[in-house]
Each structure stands twice: as C-alpha cells, then as structure tokens.
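Examination of the molecular architecture
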Amino acid sequence: PITAGVIPVYGSIALDISGSLTSAQVATLKQEVRDFFAGTGQLQYYRLTAFDDQVTDIQNTYTNDPAILQPAVDSIPESADQRASSTNIFGATAEAALSANESVDYVVVITDGSHTADLGGPSSFDADTENQLIFVIAVGSNADIPLLQDIASPSNEEVERPGRVRQVADVSEVGEGI
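Because the structure is predicted, anything quoted here is derived from the model rather than measured. (Residues numbered from 1 in each chain as written. Predicted model: local features only at pLDDT ≥ 70, side-chain atom pairs only at ≥ 80, totals over all residues. Heavy atoms only, no water.)

1. What about the side chain of K30?
Examined against the element boundaries, K30 turns out to sit in helix α1 (residues 23–38). Within the structure, K30 has its side chain in polar contact with the backbone oxygen of D74 (distance 3.2 Å). Separated by 2.7 Å, the side chain of K30 and the backbone oxygen of I76 make a polar contact. Setting aside residues no more than four positions away along its own chain, K30 makes contact with V73, D74, I76 and E78. (Helix = DSSP H or I, 4+ residues; strand = E, 2+ residues; numbered from the N terminus. Polar contact = N/O pair within 3.5 Å; in protein donor to acceptor, adjacent residues only side chain to side chain. Contact = heavy atoms within 4.5 Å.)

2. Things to note about the pattern of salt bridges
A full pass over the atoms with the stated rule returns 4 salt bridges. E95 is the partner of R47 in a salt bridge, and the nearest nitrogen-oxygen pair spans 3.8 Å. In this pair, R47 is assigned in strand β2 (residues 44–51) and E95 in helix α3 (residues 89–98), connecting sequence segments 48 residues apart. We classify R47 as buried; its relative accessible area is 0%. A residue is classified by how much of its surface remains accessible, and E95, at 26% relative accessible area, is partly exposed. Residues joined in a network through salt bridges with shared partners are R47, D57 and E95. (Salt bridge = Lys/Arg side-chain N within 4 Å of Asp/Glu carboxyl O. Buried < 20%, exposed > 50% of the residue type's maximum accessible area, 1.4 Å probe, protein only.)

3. Describing the packing of α3 against helix α5 (residues 145–152)
Direction vectors running N to C along α3 and α5 enclose 20 degrees, while the axes themselves pass 12 Å from each other. One way to sum up the angle between α3 and α5 is to call them roughly parallel. Relative to α5, the crossing made by α3 is right-handed. Contact with α3, carried on its side by I89, F90 and T93, involves L147, L148 and I151 of α5 and no other residues of that element. Here the residues of the contact of α3 with α5 are counted per class, giving 5 nonpolar, 1 polar and no charged. (Axes fitted to C-alpha atoms, helices over the stretch in contact; angles between N-to-C directions. Parallel < 35°, antiparallel > 145°, perpendicular 65-115°, else oblique. Left-handed = near helix turned anticlockwise from the far one by under 90°. Nonpolar A, V, L, I, M, F, W, Y, C, P; charged D, E, K, R; others polar.)

The following block contains the structure:
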C-alpha cells in the first residue's frame, strides 16, 4: 500500500548459517541482524531465510514489526550440530528472490563462502532471479567473490554491478553492510 505518497520497501534477507561459521559467529550474525531490524523504518518490510545445504524460511511473510522479526532471528540455530556443513547459495538466493510470490524490491545474501551444496545451480538460479536487485555481503577472506559478483549481476543485465558485493572482514561488521 502507498501511504501519503510514500512507497513501502520490501527486502528479503538470506543468512548463511553453514558449518563454516562457528557457533559464536552465528550468535554475532544474529545480533547484527537483530540490531538492523530494530533500526528500520515503518515502511521497510522484511522476510528472512537461513541456509546451509537446505534453505529454511525463518520469517516467510513480510513484516516491519520487531516483535515478530526478533523472535524469528532468535530461532536460527547456533549450535554446529544443528547446522550442515554445505552452503546452498543458489537455492537461498532464488528462494529469497521468489519470496512466496510476493513483491520483493531487493535481496541481501550474507555468506562467508561459496556454493558447496549439491542442490540447485546457475541455470535454475538465473531463471529465478533474472529480474531481482540482489546485493551480497561477503564475510571474511574465503568468500568466492567472482561467484558472488555473478549472483549480484543476473544474466539479463548487460553490465556487471560490482558495487552490489560488499566484503567485510568479520560477521561483527555485517550490520553496516545491510
């Protein structure tokens, strides 16, 4: 809905919680996302997906209510034995972009690695994300930057958009990148 000439913004955030992150890093990542949600405006709506080798909708409908978003973030497992070691970046990005057939203005993917899951792939990914505005926050020095730049620049764009990938040294800097 449009209120007093102002258009709401819908963002879909996909968080990498794969086994390459320690429990402490996942806890820090969750706090960064909580802090981000606490500071968003009334016309900013979000949904949240977490991924390792599987993609899980944590908050599958858009909301701007911190009372809903905060518990959704809290539900993300921190313990390494509750998270798989592989990373399904293609599947997570496609799921975040599709957003349950709702309108999405942009997608933010936060990851520390590369696509290592044996699920999905570039061909299905391109079809699912060709009209989406995708940003990636690459955490640490092991992130596959060329792959993440490809994810942030869908195949239907003629010009690569390198500004859509931001690399941060540590999960504690993620909130600044969202």
